[in-house]
Structure formats: C-alpha cells, structure tokens
Amino acid sequence: MESKMETILQIRKSIVLSCLIHHHASSFIHTENCKVSTLSNAAFWCIAKEADLTLELLRRGARPCDDYLIDQGINIRMCALSLMKYTLNNSVAASAAMSGMSKEAEMMCGWMGENRKLLDFYDDLIPEVLVDSRKVRYRTLDVMVKMLEESVAGGGHNIDEIASTTGGSILDVLNTHNQKIQDGRKNKRKRDKEDVLGKLWGWERLLPLSGEVEWSDYCKYLEKYYNVNAVSFITDVVQIDTTAGSSLAAAVAKRCLKMEEELVSEWKTRQCGRIFCFSAIAFVCIIEEADLTCELLKHGAEPINDIIEQSSVIRMCALGLVNIKGDQSIASAAAMVGMAKEARRMSDWIKRENKLITFNLSDPHVLEEVRLIRARTLDAMIRILLESYFPSKMQDGALAIE
C-alpha cells in the first residue's frame, strides 16, 4: 500500500510540475518579442531533455516510486523552471549548468535506446561513463539549487559555502584522473584552476563542483564551458522545431511544451491503467464471475451447469492474466472488462427475473448474444495467456486456437 501511495504522489507531483511548465512556456511563446536570454533557452532545453529521459525510463519499465533518475528528473525540471527568473551576475553559469545537465540526460537516453533496456546502476555491465554521469548530475543539481538559494537571498547568501556542502572532491568523480591531478600540482603549484578542469575533463561534458575549487573559479569555468558549447547547443536546438519566422527561443519553448504533454500523457496512462488498473480489472472480472455463479446456484443450477463451468474457466484465466506485461496487457484488460460486463448483465437478469437462465426460446435474445460474446471473449483471453507464457508454441501453431 505504501509503494502504491508513493507512486501516486510521484505521478501527481510530476503532473503538477508539467502544468506549471506548460503555463510558463505558453506565456513565454506569446510574449517572445520580449527580451530573451540564453538562460531561458538553456532552462527550456534542460526541462525538455529531462522529460525525454523520464519518458524513456517509464517506457523501459522503471517504477516511479523507486527509480532514482525519475525522482531526480522531477527536481531538475523544477529547479530549471525556477532558474529562468535568475537575475544575478551568474546567469551564464546557471545556463552552463543546465546545458551540461541536458547533455547528461541525452547521453542516458541514447544508451537506453541503443541497448533497448532500462538503465540500472546496480548492473555491473553499465559503462563507467554513465556511472560518472550520475555523479555529474547529482553535483550539478546541487549547484543549481544553491544558485536558487542565492537568488532568494538577494545576493546575501554566502555562495562560497557550496564548495564545502557538495561534499567529496573532483577525485571522487574522476578516479581515473587522480594521478594526473597530483602530478600537475607537483609540477606547477599556481595553475589556473579553471584551465585545469577543462584540460583534464575536456569541454564536452560538465565537470561538477568539488570542495577543492573556489566558487568564483568554478563560475569562470562554467562561463568558459558555455562559450565552448554554445554553438553546438544552439545548433542542436535549431534542428528540432524551427519554422519560417519562428525564433530560437520560441522553438525551444515549443519543444519543451511538446515533451511535457507527452510526459503527462504517459503519467496518466500509468495512473489510470498500466500500474494499477490491469490487476484490479482482473480481480473485478473474477468477482463478477463469482457473483454470477452464486446467483446460478441460488436459483437451482447444478454444479455441472455449462455457465458455471465456463465461469470457473474464466476466473482461472483472469487469475493468470493478472501479471501479464507489455502490449498484451492492454488487450487482456479490455477482454476482462468486456467479460465482467457480460457476467453482470446475466447476474442482473437472474436477480430481476428471479429465475434460472436456460437459453430456451422464452429467454430474451440478448442472453443468447451474451453467451456468444462470452465464448468468443474467453477464446481471446486464453490465446493471450498462451502467447504470453508459450510464445514459441503459438508461433509454431502448435497451441493455436481455432
């Protein structure tokens, strides 16, 4: 029950955030003639990439209540939305942080797409670059949050505390560069720290802040990172959605809107179907069949009655379909909804007429239709069950249902 409630809260939190992002992006598009900053471009693109990552995780089977990246993605999108109103001197640094975050999200999405499986950090076969990416995202989110704290404090917040509160050091993130850093210090003690970061890590990916780097130096690094990556970043954005006469800022905001709409749609599907309702539908089908059997027995039916025997098979089949996954889960749920409706229709008739169904000429024609629907639907349910548990046999035709 706790896991279910956590999932519901996670879904609701993401949907509420999507509504806020949608409202802001729509307002931004309608007022695009206003002064546009690189910060808003970076923020919208960061939000879009995080939404894309969340979608990929969900489609690969991630559980919203216990997947770290999904929860982190919600916080990153929330932070990026808030940073759009960031007006202090470090707006370029904030843009760089969000641009770097976008690249990490895109890399994770690309890996899942290429390998066709969920990104699981407990898997020993996960490339080291993705393990590093997780650390980069964690530290960069911390920097983004601290920037917001500075903004709220109106510049009075001691931003230099970031270096000590993020914990660890560059060595924690870049174990492979440990010796290079140590050797560099021996050879040249007064080296430009910002330049060291760029040379050792490269400019393609964002290096997270460490306790050994002062905030002012890190901001300089962020500004250089953004300058180095600005052209490729803008090119990436321009390719997505620009139309004749449409500005870059509007294109990015529209892409952000599109991704949030897709994410809300996916969350709603899971909230109303894939996570909870499939198993619930199976049990409702079983309940309706049990109720039908009870009514038949109360009105004099023998245990070997055709409807009772059929109902017993339906209940067993529904029980087998509870844990069906993938595309077949929707088909099985639809079949069980239909079956439950027909069972209730028969039960209601027996209760209303206070007599047993015999399928003779005196019974309404609708009951004959119900019998036909139930027989065909049961065939469909059994086929889904066989295809799920014995797919190779079904392909060979050995278990095909005629």
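Located above this text is the structure these notes cover.
Presented here is a report on the structure given in the accompanying data block. (Residues numbered from 1 in each chain as written. Predicted model: local features only at pLDDT ≥ 70, side-chain atom pairs only at ≥ 80, totals over all residues. Heavy atoms only, no water.)

Okay, the environment of Gly-61 next. Among the structural elements, Gly-61 can be located in the loop between α2 (38-59) and α3 (68-83). Between the C-alpha atoms of Gly-61 and Leu-118, which are 57 residues apart in sequence, the distance is 6.9 Å. (Helix = DSSP H or I, 4+ residues; strand = E, 2+ residues; numbered from the N terminus.)

Structurally, Ile-74 can be placed in helix α3. In this structure, the C-alpha to C-alpha distance between Ile-74 and Ser-18, residues 56 residues apart in sequence, is 9.4 Å. With residues near it in sequence (within four places) discarded, Ile-74 still touches Gln-10, Lys-13, Ser-14 and Leu-17. (Contact = heavy atoms within 4.5 Å.)

On to the environment of Arg-374. Topologically, Arg-374 is positioned in helix α15 (residues 365-389). Placed 60 residues apart in sequence, Arg-374 and Ile-314 show a C-alpha to C-alpha distance of 9.1 Å.

Another aspect to go through is the pattern of salt bridges. For the structure shown, the criterion picks out 15 salt bridges. The salt bridge involving Glu-295 is made with Lys-298; its shortest N-O contact spans 3.8 Å. Of this pair, Glu-295 and Lys-298 are both found in helix α12 (residues 277-298), three residues apart, which corresponds to roughly one turn of the helix. (Salt bridge = Lys/Arg side-chain N within 4 Å of Asp/Glu carboxyl O.)

With that settled, consider the side chain of Arg-77. In this fold, Arg-77 is placed in helix α3. A polar atom in the side chain of Arg-77 sits 2.8 Å from the side chain of Glu-260. If near-sequence neighbours (up to four positions away) are discounted, Arg-77 is found in contact with Ser-14, Leu-17, Ser-18, Ile-21, Ile-47, Glu-50, Ala-51, Glu-260 and Leu-263. (Polar contact = N/O pair within 3.5 Å; in protein donor to acceptor, adjacent residues only side chain to side chain.)

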